[in-house]
Amino acid sequence: MADAKVIPFDDDRSRGGGAQRPVRRRPASGGRRKADAAAVRDAALSPLPGPQAGEAGPGPDTAPAAPAEPVRGALSAASGATGDAGGAGDAQQDGAPVAAAGETPVTADGGWDRRIAGGLAFLRRRITGDYEVDEFGYDAELTDQVLMSMLRPMYQKYFRVEVKGIENIPSEGGALVVANHSGTVPLDGLMLQVAVHDNHPADRHLRLLAADLVFMLPVVNELARKAGHTLACAEDAERLLQRGEVVGVMPEGFKGIGKPFSERYKLQRFGRGGFVSTALRAGVPIVPCSIVGAEEIYPMIGNAKTLARLLGFPYFPVTPTFPWLGPLGAVPLPTKWTIQFGEPIPTDGYPPEAAEDPMLMFNLTDQVREQIQHTLYKLLVQRRSVFF
């Protein structure tokens, strides 16, 4: 597949200063008006006479002649003549941009021109197939320009996500981000991806490990692949980590997002610690991550298990608004979110056979879980309101 092309944009424009407002004079007629204007302009711009050869300049007690008033008057007359001749003096306002000869004039909608040109170039590349995807189906250009732009209003305006400790994700090399999972609908994974994408100083991208149900749903399957998600299996995770990617995993799985509202912010079991084994094999640090605010977007007060089995879902949530209000009940509550990345736990100091030690994996899994739980409690104490 061909490499993506980068289309540079040149916006090298010059801006002139404000023009002095001309003095209105009676218009001259015909060639006399032009001749008078040229004569006055030449007189104003000609060099001032200095001492001739052999003549002494002004002495220390002799003040030099002050040419300021004649020159100012001549310039004013020249400005008035040219303004009456062409009418440009009244049209030019103070501080208005002026383009140099041969250059593109500065326009207020220059930014929109660049955006439109960039959008058309993007569409051309999509139509002609001149873009790249990796072996997992990740489309970096589509994610940056379309998918992140679709999620960003919810991230910035609706949930108003606050990010802390983003510097704990390394600027280069692989890292495994382990986060709690909640919210009935897995919006926390998407908001976590936007948080890393928009806030990391090294412009890192988070590659999430998703459950197999995600890749069984039409449309969702294709979008997840384009956004960089991949199946939650050790082989794919290890390949991404060895390539130097930042990989995100939520070990609670469906037990986390499907727990009742009464158990909010109580971490469920972290499986068998497979993510620790993957990090040990790749030799990358584990970055614990705590997310506060997602638990309250869909307060789950019941679970229609029979309906869930018929639909093939792990659970079917019942909330104070869903299914009672129909589609309106599916709108999440606008809670205030906080995402905090904790101190990384290094794994590169362990020998290669450490990944097969069940006691070590248990201890590291418990350490990560306790760090996430402790941070959740700390953030909840600091939170003054669920919505503000």
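Note that this is a predicted model, so its numbers are computed, not measured.

Turning our eyes to something else, we now look at the pairing of strand 6 (residues 286–292). The buried fraction of strand 6 amounts to seven of the seven residues, a majority that puts the element mostly inside the structure. Both faces of strand 6 are covered, namely the face carrying Ile286, Pro288, Ser290 and Val292 and the face carrying Val287, Cys289 and Ile291. One ladder, built from four bridges, connects strand 2 (residues 175–179) with strand 6; its direction is parallel. Each residue of the ladder has a partner; that of valine 177, found in strand 6, is valine 287. Sheet topology note: the strand 6/strand 9 (residues 338–341) ladder contains four bridges and is antiparallel. Looking at the pairing, cysteine 289 lines up with phenylalanine 341 of strand 9.

On to the pairing of strand 3 (residues 206–210), then. The element strand 3 is largely enclosed, with a buried count of five among its five residues. Pairing of strand 3 with strand 5 (residues 246–249) involves three bridges; the strand directions are parallel. Each residue of the ladder has a partner; that of leucine 208, found in strand 5, is glycine 248. Alignment of strand 3 against strand 4 (residues 230–231), held across two bridges, turns out to be parallel. Note that in strand 4 the partner of leucine 209 across the bridge is threonine 230. Crossover handedness for the path strand 3 to helix 7 (residues 220–226) to strand 4: right-handed.

Looking at where glycine 271 falls in the secondary structure, it is placed in the loop between helix 9 (254–257) and helix 10 (274–282). Separated by 20 residues in sequence, glycine 271 and proline 251 place their C-alpha atoms 6.4 Å apart.

Procedures and definitions
Residues numbered from 1 in each chain as written. Predicted model: local features only at pLDDT ≥ 70, side-chain atom pairs only at ≥ 80, totals over all residues. Heavy atoms only, no water. Buried < 20%, exposed > 50% of the residue type's maximum accessible area, 1.4 Å probe, protein only. Helix = DSSP H or I, 4+ residues; strand = E, 2+ residues; numbered from the N terminus. Pairing = 2+ DSSP bridges. Right-handed = clockwise from strand over helix to strand, strands pointing away.

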